[in-house]
Amino acid sequence: MDLRFGMFIHWGPVTLRGTEIGWSRGTQVPVKEYDNLYKEFDPVLFNADAWVKTAKDAGMKYLTIVAKHHDGFCLWPSKYTSYNISNTPFKKDVVGALANACKKAGLKFCIYYSVLDWHQPDYPLHLSTGANPDPKADMSKYIIYMKNQLKELISNYHPYMLWFDGNWEKPWTQEMAVDMYNYIKKLDPKVIINNRLGKFDHETLTAESVGDFATPEQKVGKLNMDYPWESCITICTQWAWKPNDKMKSLKQCIQTLASTAGGNGNLLLNVGPMMDGRIEARQVERLKEVGNWLKIYGEAIYGTKGGPYKPDSIFSSTRKGNKIYLHVFQSSGDQFIIPAIPHLKILKACFLKGNRVAFEEDKKNITLSLPGKLLNENDAVIVLEMNANVGNIPIINRE
Ligand code: H79
């Protein structure tokens, strides 16, 4: 959780059409056409080091590659299906190249693997609509396929985390999930597993969950100090590359990251590289801007805990040691008022790497004097140096 910020990558032959990975199979793209796209998938400009550099320059500390999405195509040369990268004109092992590049650059390497697989004959459903369950399919054989592939992925690429998805369809049961979780932890007790193996709500982590952290999708998770969570959010609107997709502004990217950290969670920001193997230049540029912000303000994100204040749309807070970081996205007027922190005193207030901030403190409130225009329009970080450790202060509501 100290890493706070990672890169999600959705990619595959579907980028030849620019439609959504998995979901456009049988909808925008006819099934037969979709399933044959791999025969012309030749991303000659793919460079694992370049992707990893983009992640690193963005200040990301880990990378999660979609090795197999719901469409069943495998980005590594799996022994257990021919529907994989080695049978494309490109041939090269993308998962392996990324694992190596991450290792070289000091990023944690993680793998996404879809439980459901509309392409595998033994998985009973072959369409996203769930129509026409296949009487010839055999779930017990499909589970052996999954176990073989997961063993292959774990022993060849040593992922730090496994990110499951596609757990909601009928053929997959809670019992299968528990068995799979135990199987993986036996292969590698250290591997971290998200909570989308089990059948229960992926936004929370409860006693019924199968997995180690919660996974809110396309939204910032709610503040939670009790269990780890990671929001996955796209930098544009589609998971896989889409021409001219609407991209988030720098302000949105930074505030999403600061809100996530403020809620005590991680952000897994998704990019969809193009069919030629490159990440779009405008996305590389945007990510670099986020990285430039983190070079200055990273101390208020990495290794922090969320709180003590409950985040809202214009404010979040993070904390570490004796310091509280206030992330102010928007201020009205020249004062910013937050509730006082019971039993603790402010020794000093200043903008992170900037000037002192004048403040007044009474029993009820802390009133900070801010300049009319915030120093950083994306997130003006103010550091409160307190007279004691702030790690365990109970959550404070701002209203
Ligand atoms: O891999 C990404 C998504 O494909 C997957 N999870 C992330 C990480 C995902 N699975 N299910 N969902 C997301 C929710 C389903 C959303 C849908 Fe749709 C709404 C499916 C069809 C309509 C999103 C919008 C996908 C196509 C259009």
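Residues numbered from 1 in each chain as written. Predicted model: local features only at pLDDT ≥ 70, side-chain atom pairs only at ≥ 80, totals over all residues. Heavy atoms only, no water.

Remarks on the overall build of the protein chain
Logical step 1: Each helix and strand in the protein chain was counted, giving 7 helices and 15 strands.
Logical step 2: For the protein chain, the C-alpha radius of gyration of 23 Å lies close to 21 Å, the compact-globule estimate for 399 residues.
Logical step 3: The 399 residues of the protein chain split such that 59% are buried.
Logical step 4: Long-range contacts, defined as pairs at least 24 residues apart, comprise 69% of the intrachain contacts of the protein chain with a sequence gap of at least 6.
Logical step 5: For the protein chain, the centre of its 49 positive side-chain charges and the centre of its 42 negative side-chain charges are spaced 4 Å apart. (Helix = DSSP H or I, 4+ residues; strand = E, 2+ residues; numbered from the N terminus. Rg over C-alpha atoms; globule rule 2.2 N^0.38 Å. Buried < 20%, exposed > 50% of the residue type's maximum accessible area, 1.4 Å probe, protein only. Contact = heavy atoms within 4.5 Å. Lys, Arg positive; Asp, Glu negative; His and termini not counted. Charge placed at Lys NZ, Arg CZ, Asp CG, Glu CD.)

Focus: the sheet that holds strand S6 (residues 230-234)
Logical step 1: Across the sheet, which stays open at both edges, the 7 strands sit in the order S5-S4-S3-S2-S1-S7-S6 with parallel pairing between neighbours. The open sheet has two edge strands, strand S5 (192-193) and S6, and neither has a second partner.
Logical step 2: Summarising the sheet, S6 and strand S7 (residues 266-271) pair through 5 bridges and their orientation is parallel. Bridge assignment links threonine 234 to a residue of S7, and that residue is asparagine 270.
Logical step 3: Where helix H2 (residues 48-57) meets the sheet, its contacts fall on strand S1 (5-9) and strand S2 (62-68), and the angle it forms with S1 comes to roughly 145°.
Logical step 4: Helix H6 (residues 250-262) rests against S1, S6 and S7 of the sheet, and its axis sits at about 150° to S7. (Pairing = 2+ DSSP bridges. Axes fitted to C-alpha atoms, helices over the stretch in contact; angles between N-to-C directions.)

Re the packing of helix H4 (residues 139-157) against helix H5 (residues 174-187)
Logical step 1: Axis separation between H4 and H5 bottoms out at 11 Å; the angle between their running directions is 25°. In terms of orientation, H4 and H5 fall into the roughly parallel class. Between H4 and H5 the crossing geometry is right-handed. Only Met176, Asp179, Met180, Tyr183, Ile184 and Leu187 of H5 make contact with H4, whose side of the interface consists of Met139, Ile143, Met146, Lys147, Leu150, Lys151 and Ile154. (Parallel < 35°, antiparallel > 145°, perpendicular 65-115°, else oblique. Left-handed = near helix turned anticlockwise from the far one by under 90°.)

A few points about the pattern of salt bridges
Logical step 1: Summed over the entire model, instances satisfying the criterion amount to 15 salt bridges.
Logical step 2: Across the pair arginine 282 and glutamate 280 runs a salt bridge whose closest N-O atoms are separated by 2.5 Å.
Logical step 3: The partly exposed category is assigned to arginine 282, whose relative accessible area is 31%.
Logical step 4: Look at glutamate 280 and you get buried, because its relative accessible area is 10%. (Salt bridge = Lys/Arg side-chain N within 4 Å of Asp/Glu carboxyl O.)

Points about the site of the ligand
Logical step 1: Residues in contact with the ligand, as listed here, are Phe8, His10, Trp23, His69, His70, Tyr112, Asp165, Trp168, Arg196, Glu217 and Trp239.
Logical step 2: With respect to the ligand, the side chain of histidine 69 contributes an N or O atom lying 2.8 Å from an oxygen atom.
Logical step 3: Within the side chain of glutamate 217, a nitrogen or oxygen atom sits 3.1 Å from a nitrogen atom of the ligand.
Logical step 4: Residues that form the shell around the ligand fall into these classes: 5 nonpolar, 3 polar and 3 charged. (Near = heavy atom within 4 Å. Polar contact = N/O pair within 3.5 Å; in protein donor to acceptor, adjacent residues only side chain to side chain. Nonpolar A, V, L, I, M, F, W, Y, C, P; charged D, E, K, R; others polar.)

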